[in-house]
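Chain by chain, the residues run as shown.
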Amino acid sequence: MTRSRILFAALVVLVLFPVALSAQGTSGQLTGVVKQAGAILPGVTVTVSSPQLQGTRDTTTNENGAYNFPALPPGDYTVTFALEGMQTQSRKTNIGLATTSRVDTNLRMTGVAEAITVTASAPTVLETTQIESNVKQQEVNRLPMNRNPVAVANLTPGVTTNGPRNTTVISGAFAYDNLWLVNGAVVNENLRGQPHALYIEDAVQETTVLSGGVSAEYGRFTGGVVSAITKSGGNEFSGSFRDSLDKPSWTAKSEPNQPTPPVNKINDTYEATLGGRIIRDRLWFFTAGRMQDDNAPRTLNVVKSGFQPGAYNQKNTRHRYEGKLTGQVTQRHSLVVSYLNNKITQTNNCQLGCLDYRTLDPSTLNPNDFKTVHYNGILTNSLMVEGDFAKKYFAFVGFGGDGGLGSTDPAVIAANSPMIDQVVTGAAFNAPYFCGSCTPETRNNKEWEVKAHYFLGTRSLGTHNAVVGYDDWAEQRQANNYQSPTSVRFDVRTNPPVQNPDGTVSIQVHGDPSGNGDRFIYFPIAYNSLGSDLVTKSMFINDKWDLNPHFSFNLGVRYDKNRAIDSFHNPVSDDSNLSPRLGVIYDVSGNGKLRLDANWGKYVGRLAETVAGGASPAGNPATIRLAYAGPDLPLMDSQAAALSVFQWLFANGGYTRAPISVSIPGVNTKLLNSSLKSPNMNEFTLGAGTQIGKGFFRGDYINRKWQDFYALYTNLSTGTVINPANNLPVDLNLIGNSSVPTRKYWAAQFQGQYDLPKNFSLGGNYTYSKLTGNIEGETGGSGPVNFTGLSVSYPEYLNFSQNAPVGYLNGDQRHKLRVWGNWAIGSPFGRFNIGVIERYDSGVPYSAAGTIAIPASFLTDAGGKPIYLDGTTRDPAHTYANRPVSTAYYFSSRGQFRFDNLLATDLAVNYELPVKIVGIFVKGEVRNVFNKRANVGFGSDTTVFTSNNSGHGLSPFNPFTTAPKECPQGNTAAQCTALGANWQKGPNFGKPLSDTTFSSAGSYQLPRTYLFSAGVRF
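Our next topic: the sheet that holds strand β31 (residues 505-509). Spatially, three strands are ordered β30-β31-β39 in an open sheet, and the strand pairing comes out antiparallel. Taken across any chain shown, the strands that pair with only one partner, and hence form the sheet edges, are β30 (498-499) and β39 (633-637). Pairing between β31 and β39: three bridges, direction antiparallel. Bridge assignment links V509 to a residue of β39, and that residue is L633.

The five strands lie next to each other as β10-β15-β16-β13-β14, forming an open sheet whose pairing is mixed. The sheet is open, and its two borders are formed by β10 (131-136) and β14 (185-186), each paired with just one other strand. Examined bridge by bridge, strand β13 (residues 179-182) and strand β16 (residues 225-230) share four bridges and lie parallel to one another. Bridging from a neighbouring strand, L181 pairs with S227 of β16.

Okay, the pattern of salt bridges next. Scanning the entire structure with this criterion turns up 43 salt bridges. The salt bridge involving R102 is made with D546; its shortest N-O contact spans 3.6 Å. Here R102, found in strand β8 (residues 100-102), pairs with D546, found in strand β33 (residues 532-546); they are 444 residues apart in sequence, far enough to count as distant. In this structure, D841 engages R818 in a salt bridge whose closest nitrogen and oxygen atoms are separated by 3.1 Å. With D841 in strand β54 (residues 830-841) and R818 in strand β53 (residues 815-827), the pair connects residues that are 23 residues apart, well separated along the chain. We classify R818 as buried; its relative accessible area is 3%. Connected through shared salt-bridge partners, R102, D104, E127, K544, D546, D587 and R595 make up one network.

A few words on empty space enclosed by the protein. Considering all chains together, one arrives at nine cavities of 30 Å³ or more under this definition. Empty space within the second largest cavity amounts to approximately 440 Å³. Residue lining of the second largest cavity: 32 residues in total, with P73, T326, S334, V336 and N376 positioned closest to the centre. Secondary-structure elements contributing two or more residues to the lining of the second largest cavity are β4 (56-60), β5 (66-72), β16, β20 (311-330), β21 (333-347) and β23 (368-378). Here the lining of the second largest cavity is composed, by residue class, of nine nonpolar, 20 polar and three charged.

Applying the stated criterion across every chain, the model contains 43 aromatic pairs. Summarising the aromatic geometry, the rings of Y67 and F81 are spaced 5.8 Å apart at their centres and angled 70 degrees between planes, so their arrangement reads as edge-to-face. Here F81 lies in strand β6 (residues 75-82) and Y67 lies in strand β5, a separation of 14 residues in the sequence. Judged by centre distance (5.7 Å) and plane angle (50 degrees), the ring pair of W746 and Y768 falls under tilted. Placement of W746 in strand β48 (residues 743-756) and of Y768 in strand β49 (residues 760-773) is noted, with a sequence separation of 22 residues between them. Residue Y768 is classed as partly exposed on the basis of its relative accessible area, which comes to 25%.

Cut-offs applied
- Residues numbered from 1 in each chain as written.
- Predicted model: local features only at pLDDT ≥ 70, side-chain atom pairs only at ≥ 80, totals over all residues.
- Heavy atoms only, no water.
- Pairing = 2+ DSSP bridges.
- Helix = DSSP H or I, 4+ residues; strand = E, 2+ residues; numbered from the N terminus.
- Salt bridge = Lys/Arg side-chain N within 4 Å of Asp/Glu carboxyl O.
- Buried < 20%, exposed > 50% of the residue type's maximum accessible area, 1.4 Å probe, protein only.
- 1 Å grid on protein atoms, 1.4 Å probe; cavity = no way out; pocket = protein on both sides within 12 Å on 5 of 7 lines; lining within 4 Å.
- Points joined across faces, edges and corners; volume = space filled by probe spheres on them.
- Nonpolar A, V, L, I, M, F, W, Y, C, P; charged D, E, K, R; others polar.
- Phe/Tyr/Trp six-rings, centres within 6.5 Å; stacked < 30°, edge-to-face > 60°.

Shown next as structure tokens:
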């Protein structure tokens, strides 16, 4: 189909075809009460107009003098009140995305000479029980910050970037469990729950963050909601062009020994937007594009502090395009269609960290796009219907190595199998990870929703503003998840790899039949994936009930029904849950000046693909750990060592050797039952807010507790099954939900904003919080993961308190402060604006934790019967087939130590010169103006040595009966042996790793960095 035909078809749909299709987060709401001399005034005609609205909309006040406009496009509005015999009155207001604005008024009789007055209206953050923040992109553009929804979220209270790989945590939830919306469509990535970059910064109109007390309209999350909307064109033509510039040398060095970037050139990011009318007040268009081709200097991961690793250039090509049509079918029916495409290609891609050049993937591709359709129709002044449809596509193409799949030739396997440093870094070497020649992996979602808004006024029970709807959500994944080009990798667990100046790695190999030495990990896939389909069908009702001037309530409930199949098309969930959301507001004076509120609610997260599909044999790799029991090898090149160890493996039974441990989806990993639950959370909040002149102040207390965590059960009662690869018994693992883990969050947070005279504006927020528990529940590589340990998995070995102690979790941050200001300065030579952000983040926690060995000497009595670590004895016929040989142990309390506090001042200077209808603008930014330096924990050294690490003279111990003895930091192996010590902090424990990167990706906060942009807008 040609482009002209596609455009013509879209125009026909917009003008002629009203449909009922919708998702959350594309509009705002306006409400209010009209009075005359203090008495309610029914029958008043209220009309709203805006550059964002095609035509006007009007309604009349009901018997309570109340009016309501649902589903208004966000923007600036004029509200006009008219009634025969009364003076017509107009009022300016702003409607925010996913927020409720209020305009109350007192009308005067015609001919009355007194000045017309308009009653004060509560700011949007005080109007409902939702804890929310709305940030306009116009303000973002003036401030020294990234201009995307993630950065906007981090500007708001209760939000940190302390999740795995610095991902967003909202009100203490898992980083994967937030809801990210663009134009009402969910843009979360299926596995890790992170937002895809499906936006163009200059096309974004505004962003709203909901972090507590959220309406029942929103579901499938236990964290928060971040909703962004893009521009929609208008009756007048407008557009922009921007070039944003950065350069590696514009970022200061964190350490004097930080290397000079091998490629030091200016990178340009071009953005362009254009919007306007096709038919005035009937059909608008908006288009945008973003092109970024950058060279990113990178260094290899570092095993040994002080080593200067090899450098390489990673080239990224990121092209994004957006198109949007907004049409008014009739005066009361409208339709919005949008499409956004984000295509990323990359050379020298590094997965999981890279220790050598052999691990770099020369070419990868990520196609990514989404489509949305939004309809709303006004049936009567009291009844409105909405509907949305959205569909997202994402794929991995060519990620990983390209040779060796299915081979049994040791030379081929050695050349193409990745190795992992399990001693220091966890990074890969020898060959690229994953399989680039395998079928591309896709991760998609689609959703459709219909809902109706009803506005009802009654004399005795006040005014009800209700919404009722149905939501159909589904996400699909088609993947054959090969972890290696050859289906196998080799783990170096005893001696750290040695990096060579030429960018290769040498290793020493240690053999140990017990499994405590180096290992093979074999990842066979038994069946190709048929594609998973995780479906949640939901119904919801939410009533904003204004009983009288003092009391209003939020009464909502959501019903979510999971019906999901895995990649083998086995049912994995047939579960349902209710999510009540109840809130109350008390307006102390009845005029919106001071409001108190409280909420209680339940939130149910979405099903996790990584967990729900963990028992499927289709597309999921088995994990079979095999001991290398061959001779110790001296230090040699990794590929030469790989050839030796794989030759030994295939000469000694190959993959059919007796394993250390086995996890085979569908064989020894199954679902506990077919009704896997989504984890959920209970929330209680208390809040108060007040107007202060041209501003507001609000404080909130949030208390949250999670339950129904994902867990992997393995115990004597689950039994064993036969491994079909070698006909040996293996322990059966069952995926289910558990109440054994715990996770709690509470916070006191405050936010405010004020417009000062002489074009000053100030805003800020502060959060004091605690996040405690014994479950992190996610990783940067896999997203959600099962809880193991304590009484859930191998309790005879792992059910001791220091296996998973309760304490401060990684996402805990005691203090967060953001204060910002803008100062607009006019001059004969143009307009200036100075924007400043002050940031303070207290240090995040870390622990002295390591992996301890579980040696065989503890496991039998004199008669040969098994003695488990907890002291119990079992008949040999009822023992485990694959006992754990190592496990986690916390030698300190959880979160006992803290990294440094972060303090930074960011500055932006904006200049705009109007030239007729065009404005020429320049923006200069300095991040971390005073070049503060803090170890904020990125990759910092938290190494703890135990008997599991050879060469340190440390003894194994029974964690059930023995308090481990610490060897002083810096003591030699002989001294540790003489002391009978069990553990020792590494020599650089708690210290930042030497920053050998070319940017801020080391252990330190972002050093002083300069950024520039310039362009035109009209």
